[in-house]
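What follows is each chain in one-letter form.
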Amino acid sequence: MRYAKRGPLRFTSHRDFARAFERALRRAGVPIAFSQGFTPHPKISYASAAPTGVASEAEYLEIGLREPVDPEQLRAALDAALSPGLDVLDAVVAQGGSLADRIEASHWRIELPEVEPAALERAVAAFTAAEEVLVERMTKQGRRTFDARAAVMSIDLIPPVATPSEAPGVSCAILELVVRQVTPSVRPDDVLSGLRVAADLEPPVSPRVTRLAQGTLTAQGAIVDPLDADRDGASIGGR
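Attention here is on the structure that accompanies the text. (Residues numbered from 1 in each chain as written. Predicted model: local features only at pLDDT ≥ 70, side-chain atom pairs only at ≥ 80, totals over all residues. Heavy atoms only, no water.)

## What to know about the pattern of salt bridges
Going by this rule: Salt-bridge detection follows one rule: a side-chain nitrogen of Lys or Arg within 4 Å of a carboxyl oxygen of Asp or Glu. Each residue is assigned to one of three classes by its accessible area relative to the maximum for its type, calculated with a 1.4 Å probe on protein chains only: buried under 20%, partly exposed between the two thresholds, exposed over 50%.
Taken as a whole, this structure holds 14 salt bridges when the rule is applied. The salt bridge involving Arg143 is made with Glu136; its shortest N-O contact spans 3.7 Å. Where Glu202 meets Arg196, a salt bridge forms, and the shortest distance between an N and an O atom there is 3.7 Å. Residue classification places Arg196 among the partly exposed positions, given a relative accessible area of 35%. A network of salt bridges, in which partner residues are shared, links Asp90, Asp225, Asp228 and Arg231.

## Here's the deal with the packing of aromatic side chains
For clarity, the cut-off: Each Phe, Tyr or Trp ring (for Trp, its six-membered ring) is paired with any other whose centre lies within 6.5 Å, and the angle between the two planes then decides the class: stacked below 30 degrees, edge-to-face above 60, tilted in between. Numbering goes from the N terminus for both helices and strands, where a helix is a DSSP run of H or I of at least four residues and a strand is a run of E of at least two.
For the coordinates displayed, the defined rule picks out three aromatic pairs. Between Tyr3 and Phe17, the ring centres sit 4.2 Å apart and the planes meet at 5°, which makes this aromatic pair stacked. Separated by 14 residues along the polypeptide, Tyr3 in strand 1 (residues 2-5) and Phe17 in helix 1 (residues 14-27) bring together distant segments of the chain. For Tyr3, a relative accessible area of 4% gives the class buried. Each ring, one from Phe17 and one from Tyr46, has its centre 6.2 Å from the other, and the planes form 80°; the classification is edge-to-face. Of this pair, Phe17 sits in helix 1 while Tyr46 sits in strand 2 (residues 44-47); the two residues are 29 residues apart in sequence, bridging distant segments of the chain. The buried category is assigned to Phe17, whose relative accessible area is 3%. Look at Tyr46 and you get partly exposed, because its relative accessible area is 23%. Taken together, the ring pairs in this structure connect Tyr3, Phe17, Phe21 and Tyr46 into an aromatic cluster.

## Topic: the side chain of Asp90
The condition is simple: Pairs of N or O atoms within 3.5 Å make up the polar contacts considered here, provided that, within protein, one atom can donate a hydrogen while the other can accept it, and that residues adjacent in sequence are counted only when both atoms are side-chain atoms. Whether two residues touch is decided by their heavy atoms; if any such pair falls within 4.5 Å, the residues are in contact.
Mapped onto the fold, Asp90 is located in strand 4 (residues 86-90). The exposure class assigned to Asp90 is buried, which follows from its relative accessible area of 15%. Engagement of the side chain of Asp90 in a polar contact is seen with the side chain of Arg231, the distance being 2.8 Å. Look past the residues within four positions of Asp90 in its chain and what remains in contact with it is Met1, Arg2, Arg75, Leu227 and Arg231.

The structure is reproduced here in structure tokens:
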């Protein structure tokens, strides 16, 4: 399944979304399958969730069911059971293979209010010219230093707009980038840290980040929806 985090709901943490999704499964009467053992839990698997505060049009999860269900009816029922801004966009029958194995890269848009496009252009040029750009981030394993440059496959300036999302009347520079899935993961905030390291670019206000897509990579560097390989299925459960 593909779902979106939009508007104020982008501040929903992954744990909060997981709780909301389990409630939605119950409200929608979905025949969810459960694991075995002393503490059964619903069979739900998430793939590469976006960080808290980041909007997304391309979040993915898998669920296991006890019986066949029509994918579109399931999508509509879950979408109605979730709050507006947590939107279920697509559902297909899994034809085999791991969904996580189909996530090779993400396409991001970063809106930078009050940043001059010329300053961003200079920072991007310095970033792309560098062989490596070392940044630091606190991880579950402690503070890590890693290269933010190597994972960035493309980074482009989008023509500036007068009114970025939810910030009317403020000029804005916009950046789009495609980042390969690596370990440790390189996130949009790491790339912004890399722009600060490479060119001393410091956005005066918090950026607005949206994941536009994630999936497998073609030889040309395009991102393919990971659900595309399963679209010949007729119903969940194999009916």
